[in-house]
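Below, each chain spelled out in residue letters.
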Amino acid sequence: MAAHQKKHLLMFCLFALVLYSYYHTSLPTSENLTQTQTFSVIPTHVPNFTVIIKVLAFNRLTSLSRCLRSLAAADYLTDRVHLHVYIDHFALSNQSFGSVDSFLDESRGILRFVDGFEWKFGDKVVHYRTGNVGLQAQWLEAWWPSSENEFAFVVEDDLEVSPLYYKFLRGFIVNYYYSSSNSTDSMFGASLQRPRFVPGKHGNKIQLDRGTQLFLYQLVGTWGQLLFPRPWKEFRLWYDDHKAKNIKPFLDGMVTTGWYKKMGERIWTPWFIKFIHSRGYFNIYTNFPNERALSVSHRDAGVNYGKSAGPDSQLLDESSLDFTFLKMQPLSNLKWYDFCFREVIPGRVVKSMDELGAVLPSVQRQETVLLVSLFRASEAIVRNLLCHFERLNIQNYIFVGPHSNFLFDLARRGHPVVDADQFLNNIRAYKFMKFQDSNSKFTKEVLVKAYVIKKCIEYGYSSWVLDENLSVVNNDLFIEFIDATSDFYAGKSSQLFSVRSSSSVKEMWTDDFLHQVATMVDEISLPRDSRSFASIVANLLEQKRGTKVKRVDESSISIEIGSRDANQSSSVVGKKMVYWSAELGLDLVQKRLEELSMWIIDGDLSCRAVICHQS
């Protein structure tokens, strides 16, 4: 009997613990959710954190009063949430005495209202500026995080928030910031506004199905934006560096660049958008039916609107809540979108042949895959190549390289990668191979490329191996120069190598052949100009297999750059690629590519332009 009572007591305690966790993470239950919607990650330990509401105001008392009252009407549970109100001063220059008195009365009226406004959820701080600083400084100077556990929710004075907004923000912070298994360094915060704007020129329209309640999007939302401390500090330091060096936030292909050229330092979003583009960060957005949102802009007349435009959407409240919106799905279930609103798939790190088989179908285009080598490539060269891929709408690539921070940064940004070290360690045949220490690194490089090609052949995909010493001019290089009469193509100078998928190649490209490749690399002392995948495999095919490899002289389709000045930019017209010797230093390569207008990254190693292709 005592054991039976203890069992019931244990079950009761577990049940009480579950209820406690749900309450303190603001995640109510629901009977009508699907299995994917009901998944929620509840961290075992959440530190005490602080949310500070930053209200940015100027001269709109009616707007400000509506905003503050909506904030005070929200449910903050038992949390202490602080309110900071920043009131910008009116401009003193070129004002007559009569207009000055009018502006003074207006400002004093706003101050009287804010001073008398009751905020019972935490501290209230009022910052009344001595001079007019404008919207950009209002945003940028509103917050410097005091710790990694302090968050800012920035609200402009013409906004109105839902009574439910804080419950969502709290659940978001708990589930996506503090969960060790469900967080990412790629996220800078969450926007509560209804998603409706694509800043990339000629970008895709925002089209989301009803079942998508949460998604990630690169664009910052100025109508109710929660900011994480680390990315905001990083941005402020980045901004200081660029502003001090007079580097403008120009990003070709973005409509915000036109805004900045017209409005200059009156706005701040072009700066943040440029920063986000260089870092590859994302923002969480909500998607509710019937144009509803947790934060609504009334678009009152001000800096952004010459005259009032009215609410952009409808507030979500208890009466309109016909689903459980507080359930936080795992990040792996959410869709990610870039500035063009093209879907991005982050975290594709291939560590085994099986994982490669899962990734390849999403990578290939026209049954062709490009294997881009990272083994000796500088980050700048790779970033520049990626910008050319984007410009030419080349999407059928996968990076192959050693375990490194750079490799994982590429994966974080949505580029598929093969972790060569872990990939080979998961191949059984590789574990029995023994290599000389002097050749082991190069042998691993050749082998991992050969195994990736083997998987491509199994799937019926042709493949190209691109070493780090080239940049593409035209995307038809990988289509027109596949010769149906030859299974293998090798460049004489550029080290390009192509394998055409066929039944004969599949029969030949076996584990036994790959072992021969490894043995040849390991046992033979190779001259420096022959230490490339293309040279090794082409020679083995011709010498030991008697297979014809078509050697193509690149001079007719390419430009080779060297220590001498490059030709003028017009010389790349009609060419398909630019390549250089592996001995050429990075500074000289960059200089030659700049002469050919082929260096298209800026100081942040990000593309100078955002190219939106309709999907």
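Procedures and definitions
- All residue numbers refer to positions counted from 1 along the written sequence of the respective chain.
- Given that this is a predicted model, residues contribute local features only at a pLDDT of at least 70 and side-chain atom pairs are listed and counted only at 80 or more, while totals for whole chains, interfaces and linings are drawn from all residues.
- The side-chain quantities take in all heavy atoms of the structure and omit both hydrogens and water.
- The helix count covers DSSP runs of H or I at least four residues long, the strand count covers runs of E at least two residues long, and both are numbered beginning at the N terminus.
- The buried label applies to any residue whose accessible area, calculated with a 1.4 Å probe on protein chains only, is under 20% of its type's maximum; exposed applies above 50%, and partly exposed to all values in between.
- Contacts are residue-level and defined by heavy atoms, with any inter-residue pair within 4.5 Å sufficient.
- Working definition of accessibility: Shrake-Rupley area with a 1.4 Å probe, residue cover restricted to the visible protein chains.
- Whether two strands pair comes down to DSSP finding at least two bridges between them.
- Lines fitted to the C-alpha atoms define the axes, with helices restricted to the stretch that makes contact. Angles between their N-to-C directions range from 0 to 180 degrees.
- By nonpolar core we mean a set of buried residues, namely Ala, Val, Leu, Ile, Met, Phe, Trp, Tyr and Cys, connected to one another through side-chain atoms within 4.5 Å.
- A pair of cysteine sulfur atoms is labelled a disulfide when the two atoms are within 2.5 Å.
- Each residue after the first adds 1.5 Å to the expected span of a helix.
- A pair is scored as a salt bridge if a Lys or Arg side-chain nitrogen falls within 4 Å of a carboxyl oxygen belonging to Asp or Glu.

A.B. asks: Help me understand the overall build of the protein chain, please; the structure alone is not making it clear to me.
C.D. replies: Looking only at helices and strands, the protein chain features 19 helices and 25 strands. Expressed as a percentage of the 615 residues in the protein chain, the buried residues total 55%. Nonlocal contacts in the protein chain, meaning residues at least 24 apart in sequence, comprise 77% of its contacts between residues at least 6 apart. As displayed, the protein chain offers around 28000 Å² of accessible surface, 50% of which is attributable to carbon and sulfur atoms.

A.B. asks: Just to check I follow, could you spell out the environment of Gly-122 for this structure?
C.D. replies: Within the secondary structure, Gly-122 is located in the loop between helix H3 (97-116) and strand E3 (124-128). For the pair Gly-122 and Leu-83, spaced 39 residues apart in sequence, the C-alpha separation works out to 7.1 Å.

A.B. asks: Explain the sheet that holds strand E25 (residues 577-580) here, please?
C.D. replies: The pairing of strands in a sheet happens through backbone hydrogen bonds and is either parallel or antiparallel. Spatial ordering of the open sheet is given by E20-E25-E24, a layout of three strands whose pairing is mixed. Every other strand in the sheet has two partners, leaving strand E20 (470-472) and strand E24 (558-561) as the edge strands with one partner each. Across the sheet, the axes of successive neighbouring strands diverge by a mean angle of 15 degrees, strand direction being ignored. Across four bridges, E24 lies against E25 in parallel orientation. Bridging from a neighbouring strand, Ile-559 pairs with Val-578 of E25. Those strands touched by helix H10 (residues 379-391) are E20 and E25, and its axis lies near 20 degrees from that of E20.

A.B. asks: Explain the side chain of Gln-364 to me, please; I cannot follow it from the model alone.
C.D. replies: Tracing the backbone shows Gln-364 in the loop between helix H9 (353-363) and strand E16 (368-373). In this structure, Gln-364 is in contact with Val-369, Asn-396 and Tyr-461, ignoring residues within four places of it in sequence.

A.B. asks: I tried to follow the nonpolar core on my own but got confused; where do I start?
C.D. replies: Taken as a class, soluble globular proteins show a tendency for nonpolar side chains to be buried jointly. If you look at the biggest cluster of nonpolar residues, it comprises 55 residues, and the most contacted ones within it are Ile-53, Leu-71, Tyr-165 and Phe-172. Each residue touching Phe-172, except ones within four places of it in the same chain, is listed here: Tyr-177, Met-187, Gly-189, Ala-190, Leu-226, Phe-228, Ile-284 and Met-328.

A.B. asks: Is there a simple way to explain the sheet that holds strand E21 (residues 488-491) in this structure?
C.D. replies: If you trace the eight strands from one edge of the open sheet to the other, you get E15-E18-E17-E16-E19-E22-E21-E23, paired in mixed fashion. Bordering the open sheet on either side are strand E15 (349-350) and strand E23 (550-552), each of which pairs with just one other strand. Sheet topology places strand E17 (residues 397-401) next to strand E18 (residues 417-419); three bridges connect them, and they run parallel. From the neighbouring strand, Val-400 faces E18, where its bridge partner is Val-418. Sheet strands in contact with helix H11 (residues 405-412) are E15, E17 and E18, and its direction is about 145 degrees off that of E18.

A.B. asks: Any chance you could explain the state of the cysteines here in plain terms?
C.D. replies: A covalent bond bridging the sulfur atoms of two cysteines is what the word disulfide describes. Evaluated as defined, the whole model comprises two disulfides. Each disulfide pairs two cysteine sulfurs, and for Cys-340 the partner residue is Cys-612, the sulfurs being separated by 1.9 Å. Taking the torsion about the S-S bond as the criterion, the Cys-340 to Cys-612 disulfide, at about -80 degrees, is left-handed. Residue Cys-340 is located in the loop between strand E13 (336-337) and strand E14 (343-344), and its partner Cys-612 is located in the segment after helix H19 (586-595); the two are separated by 272 residues in the primary sequence.

A.B. asks: Would you mind showing me how to read helix H8 (residues 269-279) here?
C.D. replies: Residue pairs spaced three or four apart in an α-helix point in one direction, given the helix's 3.6 residues per turn. Counting buried residues in H8 gives 10 out of 11 residues, a clear majority hidden from the surface. Turning to H8, its buried residues are Thr-269, Pro-270, Trp-271, Phe-272, Ile-273, Lys-274, Phe-275, Ile-276, His-277 and Ser-278. Residues of H8 that are buried sit in contact with helix H4 (134-140), strand E6 (187-191), helix H6 (229-244) and helix H7 (255-263). Looking one or two places after H8, you find Gly-280, whose phi comes out positive at around 70 degrees.

A.B. asks: How should I be thinking about helix H2 (residues 61-72) in this particular structure?
C.D. replies: End to end, H2 covers 16 Å across 12 residues, agreeing with the expected 16 Å (1.5 Å per residue, within 8%). Taken residue by residue, H2 has Ser-63, Leu-64, Ser-65, Cys-67, Leu-68, Ser-70 and Leu-71 as its buried positions.

A.B. asks: I keep staring at the pairing of E6 and nothing clicks. Help me out?
C.D. replies: The two faces of a sheet get side chains in turn, since along a regular strand they alternate between them. Where burial is concerned, most of E6 is hidden: five out of the five residues are buried. Of the pairings in the sheet, the one linking E6 to strand E9 (residues 282-286) comprises three bridges and is parallel in character. The residue bridging Gly-189 from the neighbouring strand is Asn-283, located in E9.

A.B. asks: What is the right way to look at the pattern of salt bridges in this model?
C.D. replies: If the charged atoms of two oppositely charged side chains come close together, the side chains can form a pair. Across all of its chains, the model carries 28 salt bridges by this definition. Across the pair Asp-123 and Arg-80 runs a salt bridge, and its minimum N-O distance is 3.1 Å. Taken as a pair, Asp-123 in the loop between H3 and E3 and Arg-80 in the loop between H2 and strand E2 (81-87) lie far apart in primary sequence, 43 residues in all. You can call Asp-123 partly exposed: its relative accessible area is 42%. Among the charged side chains, a salt-bridge network with shared partners connects Arg-376, Glu-445, Lys-449, Asp-467 and Glu-468.

Nothing here speaks to function; it is all geometry.
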